[in-house]
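Tertiary structure, described
Listed below are the residues making up each chain.
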Amino acid sequence: MKHSHISPFLKEIVSDRYAFFWEVPEGKFSICRKTATRLQVSTPGARLDKMDEASPFIVCKTTGKRYYAPLRKNPALHRMFCSITDDSGMLKFASNYGLLGFTRYHEIRRHNRQMSGKLLIESAPRWRYELAEMKRLMYLWEILKNRRYSLLAALMEYEEDGIYIILNKRRDLVATADSDLGRRWTHLGEKPQEAALLYLTNSINAKIRGGIYPRALPTYKKRLYLFPDNLLTAMWLMFLWEIIGEVRPYLCPGCNNWFDPRRSTRKTCSDRCRKRISRRKGKLKPSG
Ligand SMILES: [Zn+2]
């Protein structure tokens, strides 16, 4: 083998020019309504703010963890995230794919017993906020993708100072009147899809900004790789991949989970689902 000296682990986390792995805590996830002080949550770190101190919290008492490579193995994970509709959906997602990356913890020490572990804590309002943000932009992307241009035009407003978009009760400036798009908008008539795509990519670019770092992996292909700093940033990156056509999410008819059938003509996420579907089809056929 050409790269036999290479650690297989490094090789497994690299996807094109990106490298990323994420931790999934092993343990039961639950919603805890105690305050941050009662949970002995430490003070916010660099990427944490006030929102991360707000209860209720998603908590997990954990003694172990496993790792996976979302960008490589689950490049349509942002779609799974957007399918979350309630607290139990958040817990299910967290236990399958890990927390978002706004996590604080404290060590659980029991003097009389030998058991010890960690209590992982992440704010549920943080999850709800990030979910609402991604769903809001996903809604816009679905409109764009399905070419519902009249609906798109209804979301846009042209004012003297520029083009605005109203999305989920939020009104944002897309482009100023004297920008390239602003000037063409008045001269050539409306082009809502161009404005929407500009708003969409600008919004996601802003989410990713400051969250992806170049790192050298000298033992693997001697290249620089880009590391997203947490799962949320990695999912925003997947969203951009979908917009540029790098990832084409497909809903598996076998398990109703999103996956990317990249580089193949697969119609299901796994062999298990393929068999499940063919069994179902077999049952639908008239017997005899
Ligand atoms: Zn499936």
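Residues numbered from 1 in each chain as written. Predicted model: local features only at pLDDT ≥ 70, side-chain atom pairs only at ≥ 80, totals over all residues.

1. Some remarks on the overall build of the chain
Broken down by element type, the chain carries ten helices and 15 strands. Per-residue burial over the chain gives 27% buried out of 288 residues. Within the chain, residue pairs in contact and separated by at least 24 positions form 61% of the contacts whose partners lie at least 6 positions apart. (Helix = DSSP H or I, 4+ residues; strand = E, 2+ residues; numbered from the N terminus. Buried ≥ 20, exposed ≤ 12 C-beta atoms within 10 Å, placed from the backbone. Contact = placed C-beta atoms within 7 Å.)

2. Quick word on the environment of Glu-190
Considering the arrangement of structural elements, one finds Glu-190 in the loop between helix H7 (180-188) and helix H8 (192-208). For Glu-190, a count of 16 C-beta atoms within 10 Å corresponds to the partly exposed category. For the pair Glu-190 and Met-156, spaced 34 residues apart in sequence, the C-alpha to C-alpha distance is 9.5 Å.

3. Considerations on the nonpolar core
Counting residues in each nonpolar core, the largest one holds 55 residues, and the members touching the most others are Ile-58, Met-235 and Met-238. Element by element, the count of residues in this core is highest for helix H9 (residues 231-244), at nine residues. Residues from two domains meet in this core; each of domain 1 (8-123 + 212-259) and domain 2 (136-208) gives at least three. Once residues within four sequence positions are removed from consideration, Met-238 is found in contact with Pro-75, Ala-76, Leu-77, His-78 and Val-247. (Core = buried A, V, L, I, M, F, W, Y, C linked by C-beta atoms within 7 Å. Domains from an automatic or database assignment.)

4. Here we look at the sheet that holds strand S9 (residues 156-159)
In spatial order, the strands read S9-S10-S11; together these three strands make up an open sheet with antiparallel pairing. The sheet is open, and its two edges are formed by S9 and strand S11 (170-176), each paired on a single side. Recorded for the sheet is a direction-independent mean angle of 30° between the axes of neighbouring strands. One ladder, built from six bridges, connects strand S10 (residues 162-167) with S11; its direction is antiparallel. Considered in S11, the bridge of Ile-165 is made with Asp-172. (Pairing = 2+ DSSP bridges. Axes fitted to C-alpha atoms, helices over the stretch in contact; angles between N-to-C directions.)

Spatial relationships are all this shows, so hold off on functional conclusions.
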